[in-house]
Amino acid sequence: MTFRIGAHVSISGGVEKAVERQEDIGGNTGQIFAGSPRTWSVSEYTDEEGKMFQEARENEDQNPYVIHSTYLVNLATPKDDLFEKSINCLQAELDAAASLGVEYVVFHPGSHTGSGRDNGIEKIAKGIDELEIPEDVTLLLENTAGKGTTLGKSMGELREIMEKTEKDSGSVGVCIDTCHAHAAGYELAEEEGFHDFLQEIEEDLGLENIKVIHLNDSKDEKGSEKDNHEHIGEGNIGEEGFRNIVNSEKLEEKPMVLETPTSDGKSYKENLEKIKELRDSS
Ligand SMILES: [Zn+2]
Ligand SMILES: [Zn+2]
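Residues numbered from 1 in each chain as written. Chains lettered and ligands numbered in written order. Predicted model: local features only at pLDDT ≥ 70, side-chain atom pairs only at ≥ 80, totals over all residues. Heavy atoms only, no water.

**Q** Help me get a handle on empty space enclosed by the protein, residues and values and all.
**A** Taken as a whole and judged by the stated rule, the model has two cavities of 30 Å³ or more. Estimates place the volume of the largest cavity at around 60 Å³. Considering the residues around the largest cavity, the lining is formed by Ile 176, Thr 178, Leu 188, Phe 197, Ile 201, Ile 213, Ile 245 and Leu 251. Residue composition of the lining of the largest cavity, by class: seven nonpolar, one polar and no charged. Its volume calculated, the second largest cavity comes out at about 30 Å³. (1 Å grid on protein atoms, 1.4 Å probe; cavity = no way out; pocket = protein on both sides within 12 Å on 5 of 7 lines; lining within 4 Å. Points joined across faces, edges and corners; volume = space filled by probe spheres on them. Nonpolar A, V, L, I, M, F, W, Y, C, P; charged D, E, K, R; others polar.)

**Q** Now, about the sheet that holds strand β4 (residues 104-107): what can you tell me, with residues and values included?
**A** Spatial strand order, β1-β2-β3-β4-β5-β6-β7-β10: eight strands in a closed barrel with parallel pairing. The mean angle between the axes of side-by-side strands here comes to 30 degrees, regardless of whether they run parallel or antiparallel. (Pairing = 2+ DSSP bridges. Helix = DSSP H or I, 4+ residues; strand = E, 2+ residues; numbered from the N terminus. Axes fitted to C-alpha atoms, helices over the stretch in contact; angles between N-to-C directions.)

**Q** So what's going on with the coordination of the zinc ion (ligand 2)? Residues and values would help.
**A** Looking at the metal site, the zinc ion (ligand 2) is ligated by Glu 142 (OE), Asp 177 (OD), His 214 (ND1) and Glu 259 (OE), spaced 2.0 to 2.3 Å from it. Taken together, the four donor atoms coordinating the zinc ion (ligand 2) and their angles of 90 to 176 degrees define a geometry best described as irregular. Counting gaps between the donor residues of the zinc ion (ligand 2) yields the pattern E-x34-D-x36-H-x44-E. Here the zinc ion (ligand 2) and the zinc ion (ligand 1) are spaced 3.2 Å apart, with Glu 142 acting as a shared donor. In this pair, Glu 142 sits in strand β5 (residues 138-142) while His 214 sits in strand β7 (residues 210-215), placing the two residues 72 residues apart along the sequence. Like Glu 142, the residue His 214 is buried in the burial classification. (Donors = N, O, S within 2.8 Å, 3.2 Å for Na, K, Ca; no water. Tetrahedral: all angles 85-135°; square planar, octahedral: opposite > 155°, others 65-115°. Buried < 20%, exposed > 50% of the residue type's maximum accessible area, 1.4 Å probe, protein only.)

**Q** For the pairing of β4, give the residues involved together with the corresponding values.
**A** Side chains of β4 alternate between two faces, with Tyr 104 and Val 106 and Val 105 and Phe 107 buried alike. Alignment of strand β3 (residues 65-68) against β4, held across three bridges, turns out to be parallel. Each bridged residue has a counterpart across the sheet, and for Ile 67 the counterpart in β4 is Val 105. Crossover handedness for the path β3 to helix α3 (residues 80-100) to β4: right-handed. Two elements, β4 and β5, share four bridges in a ladder whose sense is parallel. Counted as the bridge partner of Val 106 is Leu 140 from β5. (Right-handed = clockwise from strand over helix to strand, strands pointing away.)

**Q** Please set out α3 residue by residue, giving values where relevant.
**A** The end-to-end C-alpha distance of α3, which contains 21 residues, comes to 30 Å, matching closely the 30 Å that a straight helix rising 1.5 Å per residue would cover. Within α3 the residues assigned to the buried category are Phe 83, Ser 86, Ile 87, Cys 89, Leu 90, Gln 91, Glu 93, Leu 94, Ala 96, Ala 97 and Leu 100. Where α3 ends, the next residue or the one after it, Gly 101, has phi of about 70 degrees, a positive value. (Expected span 1.5 Å × (residues − 1).)

**Q** I'd like a rundown of the packing of aromatic side chains, residues and numbers included.
**A** What describes a pair of aromatic rings is the distance from one ring centre to the other and the angle between the planes of the rings. Applying the stated criterion across every chain, the model contains three aromatic pairs. Here Phe 33 and Tyr 71 contribute two aromatic rings whose centre-to-centre distance is 5.9 Å and whose plane-to-plane angle is 75 degrees, an arrangement assigned as edge-to-face. Of this pair, Phe 33 sits in strand β2 (residues 30-33) while Tyr 71 sits in the loop between β3 and α3, and the two are 38 residues apart along the sequence. Note on Phe 33: relative accessible area 17%, which makes it buried. A ring pair is formed by Phe 53 and Tyr 65, whose centres lie 5.3 Å apart and whose planes are at 80 degrees; its orientation type is edge-to-face. (Phe/Tyr/Trp six-rings, centres within 6.5 Å; stacked < 30°, edge-to-face > 60°.)

**Q** Got a sec to walk through the layout of surface pockets? Specific residues and values, please.
**A** In this model, the largest pocket occupies a volume close to 810 Å³. If you trace the largest pocket, you find 34 residues lining it, with Tyr 71, His 108, His 180, Asp 227 and His 229 closest to the centre. Taken together, the residues that form the lining of the largest pocket break down as 10 nonpolar, 17 polar and seven charged. Looking at the second largest pocket, its volume works out to about 150 Å³. Along the walls of the second largest pocket sit Glu 191, Phe 194, His 195, Leu 198, Arg 243, Asn 244, Asn 247, Ser 248, Glu 249 and Lys 250, which together make up its complete lining. Elements with a minimum of two residues in the lining of the second largest pocket: α7 (191-205) and α8 (238-246).

Next comes the structure, spelled out in structure tokens:
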């Protein structure tokens, strides 16, 4: 079993450039945006681009890949126009994934903005049901830090959304972000707390539903509900927490993707090496 670790890399200059960037940092799995994450624009990919991307990935053995959805998507919204835009955007991202041979599309479940938790959850499930999920693509709900009226903070809430959709279990899954879990109050840094977290995953969500893990440390305290990613081992999850996560037998088959900061001089490469070091030192 190959340990799969990589990072969220840029597609600027062409999607196949992502594979080169991944190779440069030593990754063997990864994540990209299909367009610009702070706008509604999603690129359409030609067969030729898809072929180039897949060939490059095959040559470097980079599997699987994830498209991270636009941050503007909100399926939980009570506003019809925003809901419609969100559906169209997610659909374009799912189509891009199919064109590129990308296995997963991950999105944040959204905020109900005052319409109430139950309405929000219904709306997300309804939204998922309106999507046409291509055969070889799985749509993933990402757990959230839980700020404000954001949904998807707990394992049980993610399960509830999955159960409310009419999609079969093969087309919808979950991505766990370690920074968000910590911000939502889950203990990852201490062994006992981490064990409880895994137990909650197994009981409330099902380990098999987790398809991808986002590895990010957190700048904030546990339970802060704040989503500020930090370099691996340098935040409040810390080295001990990541030692727990990357050496867990229950998570060892899950592809892990770094979304650590990139604007402060420290690279993904260093974070990736840190993870490998924490795996070796257990
Ligand atoms: Zn995310
Ligand atoms: Zn994430």
